[in-house]
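Notes for the structure review
Residue strings, one per chain:
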Amino acid sequence: MSSYESKKNMTVNAVEISAGDYYKSWVAYDALVQASSQSSFRSVWKVLACTCCPEPTCWESQVTEILPANLLSRIRWYDHALGGENACSSANASTSSLSSADLHQLREHFVSHHQRIELILVALQPSLERICSLMRYQIEQHEQLQQLNLVDARFIVQECKYACNGWVAVTHLMRGVAKLDRMKYLKYVTSLAGVSGGNSPNMMALTHKTGSLESFFARLSDETLSQHMNNQTPVGLVAQAFMDCLDALSRCWLDHVVTATTAIGITHGTKGTPNTILVERVLRRLHGSRLLKALGSLRTPMTGTGIEMRQLRDYETYPLADHYVALFDDVGPEFGTHSIGFPPRIFDEAKREFAEIRRSQRTKLWEYFYKTIRPAYCLELKRLLVGVDGEDFAFGIGLGSSVTEVLARLVASIQLLVKASDLTVWMADDEFVTFQRVAALLGQSGATVRRTSIYDVVEQSTANLLSPSDAMGEEKEEQEQIERLVFVSLVNSCTQKVVSVDWIEHVPLSTIVVLDVTQAVANLPLTLGPVVVRPNVFLVGSLIKHARCGEGLGFLTYPAAEIGVIASPASGWTASLSGLVENETLVTGTHQLLYDDGLEWDGGTPSCVEASFVATSVLKTMANVQSQHDYVQNIKIAFLARVRTLLSDSQVAALSDSNTIAIPVTKIVENLPFGLDYKIVHGVAYLRIGFGVHNLDYHLDALVELLEATGMLS
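No experiment lies behind these values; they were computed from the predicted model shown.

The rules we used
- Residues numbered from 1 in each chain as written.
- Predicted model: local features only at pLDDT ≥ 70, side-chain atom pairs only at ≥ 80, totals over all residues.
- Heavy atoms only, no water.
- Axes fitted to C-alpha atoms, helices over the stretch in contact; angles between N-to-C directions.
- Helix = DSSP H or I, 4+ residues; strand = E, 2+ residues; numbered from the N terminus.
- Parallel < 35°, antiparallel > 145°, perpendicular 65-115°, else oblique.
- Contact = heavy atoms within 4.5 Å.
- Nonpolar A, V, L, I, M, F, W, Y, C, P; charged D, E, K, R; others polar.
- Buried < 20%, exposed > 50% of the residue type's maximum accessible area, 1.4 Å probe, protein only.
- Pairing = 2+ DSSP bridges.

A look at the packing of helix 10 (residues 234-264) against helix 11 (residues 275-287)
Closest axis-to-axis distance for the helix 10/helix 11 pair is 10 Å, and the angle between their directions is 170°. Between helix 10 and helix 11, the crossing angle belongs to the class labelled roughly antiparallel. Contacts between helix 10 and helix 11 pair Leu-246, Leu-249, Ser-250, Trp-253, Leu-254, Val-257 and Thr-261 from the former with Asn-275, Leu-278, Val-279, Val-282, Arg-285 and Leu-286 from the latter. Looking at the contact of helix 10 with helix 11, its residues break down into nine nonpolar, three polar and one charged.

As structure tokens, then:
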């Protein structure tokens with residue numbers, strides 16, 4: 001009796017299947033483990049006969065063996081289309097238009113292919129483990145692998161052939177799935193419990209193990225590897241065998257993506273990763289391979305009329321790749337929350353250009369700053385904050401060297417209007433230390449300081465005042481007296497949570513809102529125009545983070561003077577440059593300060609002349625924030641797809657749209673590399689990983705390897 005007939009005669013109802021029995025992956029894993037232990041097959045080509053294809057191509061030229069019928073009966077595909085009393089109604093609805101014959105044919109074809117794939121992977125695992133064991137043994141015996149003998153090398157090469165055969169077999173089986181009728185397949189596939197590699201208990205783990213075989217050569221230089229390959233030494237033979245494994249693995253995944261796309265139009269992986277990123281991941285593994293680079297170094301460039309092949313550039317298939325590769329030097333993995341401001345080449349070029357400006361302007365440098373540099377810089381700032389030039393929004397910008405400086409100016413202005421004892425300060429209990437410090441100083445002066453969670457602050461503000469006695473959203477008479485001061489970070493430094501600003505329009509004029517946008521600028525596409533024109537709203541921030549413009553660039557936005565709740569800010573002498581000629585800063589005969597239009601909130605001697613020029617050059621060179629955000633999100637998505645199995649659902653739920661992620665963890669590792677760091681909030685440690693436009697996909701290899709090796713995501 002053939003394998004097909006054996007399966008055909010089996011009774012589906014022999015096993016009662018309830019909703020709770022539906023295995024989330026492709027097959028019953030324990031049955032696969034038993035298959036591996038019972039099988040004596042040394043080559044995975046001999047695991048099963050493929051008789052379900054109308055035109056078999058998977059095994060047509062191979063010697064095959066039939067899996068025992070008693071084992072086949074245990075490897076049943078758990079799908080929702082099995083019918084019976086316990087079948088899911090939604091699944092029945094999705095397959096109701098299929099005839100019994102169609103359903104049977106689909107199941108026999110699709111299920112048997114995926115069963116075989118998993119069996120091959122189970123048989124493939126011992127070969128990969130044996131390769132790793134042999135290599136570890138050789139490294140222990142010969143630290144530099146220089147003394148690897150030919151006999152041992154041949155054992156390793158033979159195991160690599162088995163592994164290659166396994167991936168090639170999986171590739172052929174994946175192509176076999178494409179033989180299904182597309183329209184019938186579409187009706188059937190919705191009732192499956194798992195349909196892709198992301199659900200396989202072995203696929204991702206064996207992919208990683210195969211792709212990392214070359215790490216055994218970590219102690220050999222690229223030049224030494226090239227020499228071994230060229231001289232066909234035992235080490236060179238093993239290196240080539242590893243390249244064969246990488247070749248088979250890469251072709252398997254490329255076929256996987258192509259088959260899924262062309263068969264039923266699947267454009268995303270099981271975990272939501274776009275196919276373009278899945279393909280890029282394969283290409284990145286090839287492009288980042290030291291073995292392949294060592295091999296390529298042996299190639300003699302073509303001469304004469306020949307055209308030398310151009311190497312695939314990092315992230316070439318991603319939007320703006322050419323732009324960013326041209327802008328940034330690749331310094332390797334760097335994921336620090338400070339180094340997300342990693343400067344492009346234009347940063348140093350602008351500094352050199354400013355040195356020429358300083359020499360040419362001499363004593364007229366400040367005049368040049370106020371007439372040329374400052375207006376251009378403020379225009380770029382407005383684009384960052386409101387998404388356009390800012391002409392439709394009446395607000396000004398005050399400059400300083402840091403957030404602390406401009407915030408001190410703002411608080412001093414508030415204290416001119418209200419006694420500290422009459423002021424209530426509201427802020428989140430996990431706010432950045434800048435706000436904490438200012439609030440503490442106000443508390444020492446007699447103000448009431450109330451700290452709660454940022455969620456409570458935002459939730460209460462949508463319907464109630466931040467004070468228990470008032471309702472923020474209710475109609476009430478406007479009060480000139482300032483009663484409340486609210487500190488909020490748009491993106492929280494510690495947890496990277498993003499706060500909505502919708503509630504701000506309901507805040508009464510008696511409450512001043514100070515919104516820190518330091519972590520949000522050039523991170524998220526901002527459209528804060530309706531916020532910055534509010535009479536009682538002030539934004540503070542700097543460009544040291546995602547804007548990658550460096551230090552000395554604090555700023556403050558303020559509403560138009562005619563509507564602002566603070567008419568006379570406690571600013572510095574540069575707020576009235578026109579008074580320099582007569583050495584006056586007061587309206588004659590009064591205590592009223594003089595202010596120049598657009599400079600009302602400026603400070604003392606400008607400390608950001610060079611920094612403003614450099615920042616303007618950087619901001620003009622970089623793509624718009626939406627494009628930057630999209631670029632970084634591609635990297636972030638690729639990273640999360642690779643570590644998803646290491647993260648709990650609660651850890652994933654804690655992530656936000658910020659380009660920096662903060663993952664709550666229970667394990668703290670000392671001496672973190674790549675700029676990673678921790679923030680501890682209420683006893684909870686957050687591991688912060690900063691992604692930026694200077695990052696490339698292959699940088700993730702080192703990061704993921706570190707996280708897996710240390711278990712620091714637990």
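Regarding the environment of Asp-247
Examined against the element boundaries, Asp-247 turns out to sit in helix 10. On the accessibility criterion, Asp-247 (33% relative accessible area) is partly exposed.

Some points on the sheet that holds strand 1 (residues 395-400)
If you walk across this open sheet you meet the seven strands as 1-7-6-5-4-2-3, and the pairing is mixed. Of all the strands in the sheet, just strand 1 and strand 3 (448-452) have a single pairing partner and so form its edges. Strand-to-strand twist of the sheet, defined as the mean angle between neighbouring strand axes without regard to direction, takes the value 20°. Sheet topology note: the strand 2 (residues 424-428)/strand 3 ladder contains five bridges and is parallel. Note on strand 3: the bridge partner recorded for Thr-424 is Thr-448. The strands touched by helix 16 (residues 403-415) within the sheet are strand 1, strand 4 (484-489), strand 5 (511-516), strand 6 (537-541) and strand 7 (554-559), with strand 1 carrying the most contacts at an inclination of about 120°.

Notes on the environment of Asp-430
Here Asp-430 lies in the loop between strand 2 and helix 17 (433-444). Separated by 64 residues in sequence, Asp-430 and Cys-494 have C-alpha atoms that sit 7.3 Å apart. The residues contacting Asp-430, other than those within four sequence positions of it, are Ile-454, Asn-492, Cys-494, Thr-495 and Val-681.

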